[in-house]
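Chain residues, written in single-letter form:
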Amino acid sequence: MNVSTTTGLICTPPENRQNPSLLSLVIPMYNEKDGLDVLFGAIEALRIHLGVSIEVVCIDDGSADGTFEALTQRQEPYIRAFRLSRNFGKEVALSAGLDMCKGDVVVPIDADLQEPPDTIPRMLEEWRKGHDVVFAIRRTREHDTKAKRLSAGLFYKFFNMISESKIPENAGDFRMMDRAVVDVIRSMPERNRFMKGLLSWPGFSTASVYFDRPERHTGDSKWKPLGLVKLAIDGLTSFSIVPLRVASICGAAVSTMAFFFALYVVAKHLLVGDPVQGYASMITVIAFLGGMQLMALGVLGEYVGRIYIESKRRPLYIISQVHEKAER
Ligand code: UDP
Ligand code: MG
């Protein structure tokens, strides 16, 4: 049960946990039609193994390959499909899924089975022990390129250095969350959805299980390198204002140095009578400072842009079609 107070929330996850009455899988899908058979085969196996009721909330993120139509033709009674009016991106699709799901425990999972559903029984074990968030951590990144591994490693280190809420390294969106945690995440109003950060922000009692990440079973990754850079900048600027502080600190450091250098030049001129010289050094300093100023403006601009986007308060997503079987 979640209750809002003037400045916070009272969220108390259940204490005695046996089986959840409903487990929600939330799956963002973008052009995943060809993989649906394999995906639902794995989910059916999971359902039988777990012996708990499940619902599969599929968010079709504006696919062009008929993913939604294929979903509506499937027989599984636990499929709830929602079509977004266009491609909003995985982060927004996942937010829509968290809004739509009804389970006591919720697991966001990719459609490509790169996050194997057979990890879920181990996650459920941890939830039963009283952990409200169970991370699934990738044991290795052997299928990734060296560049992706290195950049991911650097990103996690840098993010955790400057952000107050930490994100566990090598944990994606794949995790099990108690309803209480999901409700906290849903109460966050921001338009900028850096899900890894948002999902970790509430805290609560956490545990981890480990899994090996296989290759995609069909199709290609939807991420392009530039998309990942954008995601990284989004993440850093929505969870920390340290970059702004760094700009101020650099400014203060450079002006202090400039002040002492000025004293030195004046003193040298008065004492030694040295004519002031140094065209080259002057140009270097001007160019350096010009660059610094532009960079600081750029950082400031990132934050102002974010305020602008938030202030418009547009809806985060639009669901244009719903398909679910009658209440079970
Ligand atoms: N996805 C989405 N919208 C997008 C891009 C991706 O809903 O604009 C979904 C995709 O269908 C998949 C999940 O997000 O279920 C992860 O995408 P992908 O496998 O391409 O990412 P990767 O595994 O390479 O990080
Ligand atoms: Mg994938």
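Residues numbered from 1 in each chain as written. Chains lettered and ligands numbered in written order. Predicted model: local features only at pLDDT ≥ 70, side-chain atom pairs only at ≥ 80, totals over all residues.

Q: I tried to follow unusual backbone geometry on my own but got confused; where do I start?
A: Apart from glycine, the bulk of residues carry a negative phi angle, and the bulk of peptide bonds sit in the trans form. Positioned with a positive phi, asparagine 31 is a non-glycine residue whose angle comes to about 55°. Relative to the assigned elements, asparagine 31 resides in the loop between β3 (23–29) and α1 (36–50). Overall, asparagine 31 belongs to the partly exposed group, with 19 C-beta atoms counted inside 10 Å. A positive phi angle, close to 70°, is found at phenylalanine 204, a residue other than glycine. Topologically, phenylalanine 204 is positioned in the loop between α7 (195–200) and β9 (206–211). Judged by the 15 C-beta atoms lying within 10 Å of it, phenylalanine 204 is partly exposed. (Helix = DSSP H or I, 4+ residues; strand = E, 2+ residues; numbered from the N terminus. Buried ≥ 20, exposed ≤ 12 C-beta atoms within 10 Å, placed from the backbone.)

Q: How do you make sense of the sheet that holds strand β5 (residues 79–84) when you look at a structure like this?
A: Note: strands within a sheet are paired through backbone hydrogen bonds, in either parallel or antiparallel orientation. The strand order β9-β7-β8-β6-β3-β4-β5-β10 describes an open sheet built from eight strands, whose pairing is mixed. Strand pairing shows two members of the sheet lacking a second neighbour, β9 and β10 (319–324), which therefore form its edges. Adjacent strand axes in the sheet meet at a mean angle of 20° when their direction is disregarded. Examined bridge by bridge, β3 and strand β4 (residues 54–60) share seven bridges and lie parallel to one another. By the bridge assignment, serine 24 is partnered in β4 with glutamate 55. Sitting on the sheet, helix α3 (residues 90–100) is in contact with β3, β4, β5, β6 (105–108), β8 (171–178) and β10, with an inclination near 150° to β3. (Pairing = 2+ DSSP bridges. Axes fitted to C-alpha atoms, helices over the stretch in contact; angles between N-to-C directions. Contact = placed C-beta atoms within 7 Å.)

Q: Quick question: what am I supposed to make of the domain arrangement of the protein chain here?
A: Accessible area lost when the parts come together is the quantity often used to give the size of an interface. Entries for the protein chain in the domain assignment read domain 1 (22–222 + 319–324) and domain 2 (242–312). Its C-alpha centre places domain 1 at a distance of 45 Å from the equivalent point of domain 2. Each side of the interface is counted separately: domain 1 has four residues, and domain 2 has four residues. Tallied by class, the residues present in the side of domain 1 that touches domain 2 amount to one nonpolar, one polar and two charged. (Domains from an automatic or database assignment. Nonpolar A, V, L, I, M, F, W, Y, C, P; charged D, E, K, R; others polar.)

Q: Would you take a moment to explain the environment of serine 4 for this structure?
A: Considering the arrangement of structural elements, one finds serine 4 in strand β1 (residues 2–4). With 10 C-beta atoms packed within 10 Å, serine 4 lands in the exposed category. Between the C-alpha atom of serine 4 and that of serine 187, which follows or precedes it by 183 residues, the distance is 9.8 Å.

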